[in-house]
Amino acid sequence: MIPRYTRAEMAAIWSPETRYRIWFEIEAHALDAMAELGIVPKSAAEAAWRWWATSPRIDVAAIDAIEAETRHDVIAFLTWVERQIGEDARFMHQGMTSSDVLDTALAVQLARASDLLLADLDSLLAALEARAREHRLTPAIGRSHGIHAEPMSFGVKLAGFHAEFQRARARLRAARAEIATCAVSGAVGTFAHLPPAVEAHVAAKLGLAVEPVSTQVIPRDRHAMFFATLAVIASSVERLATEIRHLQRTEVLEAEEWFAPGQKGSSAMPHKRNPVLSENLTGLARLVRAAVVPALENVALWHERDISHSSVERGIAPDATVHLDFALVRLTGLVEKLLIYPERMARNLHRMGGLVHSQQVLLALTQAGMSREQAYAAVQRNAMKVWEADGALSLRDLLGADQDVAARLSPEALDRLFSLDPHFAAVDTIFARVFGKA
């Protein structure tokens, strides 16, 4: 996580001060619940919140100095808090264990990070919808294996990405719900020294669900699914970025990244306009996906707990969320400002002498009584002449001069087969499926 790829709002979630503030809230809410149950004096909870209301800041450096001696972050934090509050602070952490604080705080941070990512996805979806509607009827060539296939709407291409990010949003909402759980159950999760009602109170105050069975830690299958979800979203980011990179190639140039005034593309070649944002997104996607295997390996902890997961999560939690947040915002800006060239799309579409209409002719010949094998052979032998001439010949003209084809299809019928209309007949249906009927 470096400043170059970090947005302040997401970075703030992972700052030490934010973490310590969440820790305090967990401890103070637990104090409230214990006070209501008569486990601790009400004055203890009141003292904690009274200090909190007037506290100017968390002294991260002071806590770090204590940790340098204790070698235990939660103890260092509690020691510092006790020095601020005084005698009543001895009732904090009654019956709790470190993981109650650490895991519940991580759940809060991941839930907050999810909310930012969901907002990012909403912005990206809006940008994709706007550009898809703008180019709903813009003809472009569809490609399979990187080779010209059949005509399509460029708006439908963008609608496909919109549908993919709709699925991404649904997955992230599910992952947020799964990760947002609270555990305040004490050592090995037995509630031996505090009742489950304390956990329920803390969960409600923090907007979390209660973890049904915590083994002193929240089970890490939840975290594995969360990071896997981020990785899938990152892969969708990369898919769109890769498409833009291909479309920006000099030989294609159907779309390209916006090039800002004063921007330089190369230190050596002044003419260069490179797809640097898309390439950057491809790299960021790799970083987000890198969190998945460590998260999966964190699932198998020893018995009721160990801390082999701890060092991993201190790295992958901020890194994956920060990088994906940055990538989604960058991708949104890229889509919003993407330069799209319908004239170049039309030129590429017609570049190969009408080869893209071969299937329409094939189907018409079969409907006119020719066997599929004969029809395929007739169309292919003429198509290969066009292919080998690099589009300098016309498939329509060659087919019209082919005796087998002419015997089945009139010149007028052949002309109709070289129309774009069939390829746009279902555009409105596809758009209704993706965006609704409005």
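Everything numeric in this text was worked out from a predicted model, so none of it was measured.

Whenever I open this one, the pattern of salt bridges confuses me. Can you help?
Between side chains of opposite charge, pairing is possible as soon as their charged atoms come close. The final tally for this structure, using the stated rule, is 25 salt bridges. Two residues, Arg-133 and Glu-129, come together in a salt bridge whose shortest N-O distance is 3.0 Å. Taken together, the residues Arg-133 and Glu-129, both in helix H6 (residues 98-134) and four residues apart, mark about one turn of the helix. On the basis of relative accessibility, which here comes to 35%, the residue Arg-133 falls in the partly exposed class. One salt bridge in this structure joins Asp-402 and Arg-381, with 3.1 Å as the shortest N-O distance. Placement of the pair is Asp-402 in the loop between helix H16 (395-401) and helix H17 (403-406) and Arg-381 in helix H15 (residues 372-388), with a sequence separation of 21 residues. What makes Asp-402 buried here is its relative accessible area of 10%.

Please explain a nonpolar patch on the surface as it appears in this structure.
Together, Ile-147, Met-384 and Trp-387 make up an exposed nonpolar region whose accessible area comes to about 290 Å². Summarising the element assignment, Trp-387 is placed in helix H15. Residue Trp-387 is classed as partly exposed on the basis of its relative accessible area of 46%.

Mind showing me how you'd approach the environment of Gly-391 here?
For Gly-391, the position within the fold is in the loop between H15 and H16. By relative accessible area, which is 16% here, Gly-391 ends up buried. Apart from the residues lying within four places of it in its own chain, the contact partners of Gly-391 are Arg-351, Met-352, Gly-353 and Val-386.

How should the nonpolar core be read in this particular structure?
Looking at soluble globular proteins, one finds that nonpolar side chains tend to be buried together. Counting residues in hydrophobic clusters, the biggest one holds 65 residues, and the most contacted among them are Trp-14, Phe-165, Phe-227, Leu-230 and Leu-328. Of all the elements in the fold, those that place two or more residues in this core are helix H1 (8-13), H6, helix H7 (154-179), helix H9 (221-247), helix H10 (276-289), helix H12 (308-337) and helix H20 (427-435). Here this core gets 12 residues from one element, more than from any other, and that element is H6. Those residues within four positions of Trp-14 in sequence are excluded, and the remaining contacts are Arg-19, Leu-106, Gln-109, Leu-110, Ala-113, Ala-317, Pro-318, Thr-321 and Val-322. One finds Trp-23, Ala-76, Ala-89 and Ala-107 within the second-largest nonpolar core, a separate group that totals 46 residues.

Just checking my understanding: could you explain unusual backbone geometry for this structure?
Leaving glycine out, the prevailing phi sign among residues is negative, and the prevailing peptide bond configuration is trans. At Gln-216, a position not held by glycine, the phi torsion is positive, near 90°. With respect to the helices, strands and loops of the structure, Gln-216 is situated in the loop between strand E4 (209-210) and H9. Residue His-303 is not a glycine yet carries a positive backbone phi of 50°.

Any chance you could explain the packing of aromatic side chains here in plain terms?
Aromatic ring pairs are reported here in terms of the distance separating the ring centres and the angle at which the planes meet. By the definition in use, this model includes 11 aromatic pairs. Ring centres of Phe-24 and Trp-52 lie 4.3 Å apart, and the angle between their planes is 15°; this geometry places the pair in the stacked category. Of the two residues, Phe-24 sits in helix H2 (residues 16-36) while Trp-52 sits in helix H3 (residues 42-54), which places them 28 residues apart along the sequence. Relative accessible area serves as the criterion here: at 15%, Trp-52 is assigned to the buried category. With 6.0 Å between their ring centres and 55° between their planes, Trp-51 and Trp-52 make a pair best called tilted.

Thresholds, definitions, all that
Residues numbered from 1 in each chain as written. Predicted model: local features only at pLDDT ≥ 70, side-chain atom pairs only at ≥ 80, totals over all residues. Heavy atoms only, no water. Salt bridge = Lys/Arg side-chain N within 4 Å of Asp/Glu carboxyl O. Helix = DSSP H or I, 4+ residues; strand = E, 2+ residues; numbered from the N terminus. Buried < 20%, exposed > 50% of the residue type's maximum accessible area, 1.4 Å probe, protein only. Patch = residues over 30% accessible without salt bridge, like charges linked within 9 Å, V, L, I, M, F, W, Y side chains within 5 Å. Areas by Shrake-Rupley, 256 points an atom, 1.4 Å probe, with all protein chains shown as cover. Contact = heavy atoms within 4.5 Å. Core = buried A, V, L, I, M, F, W, Y, C linked by side-chain atoms within 4.5 Å. Phe/Tyr/Trp six-rings, centres within 6.5 Å; stacked < 30°, edge-to-face > 60°.

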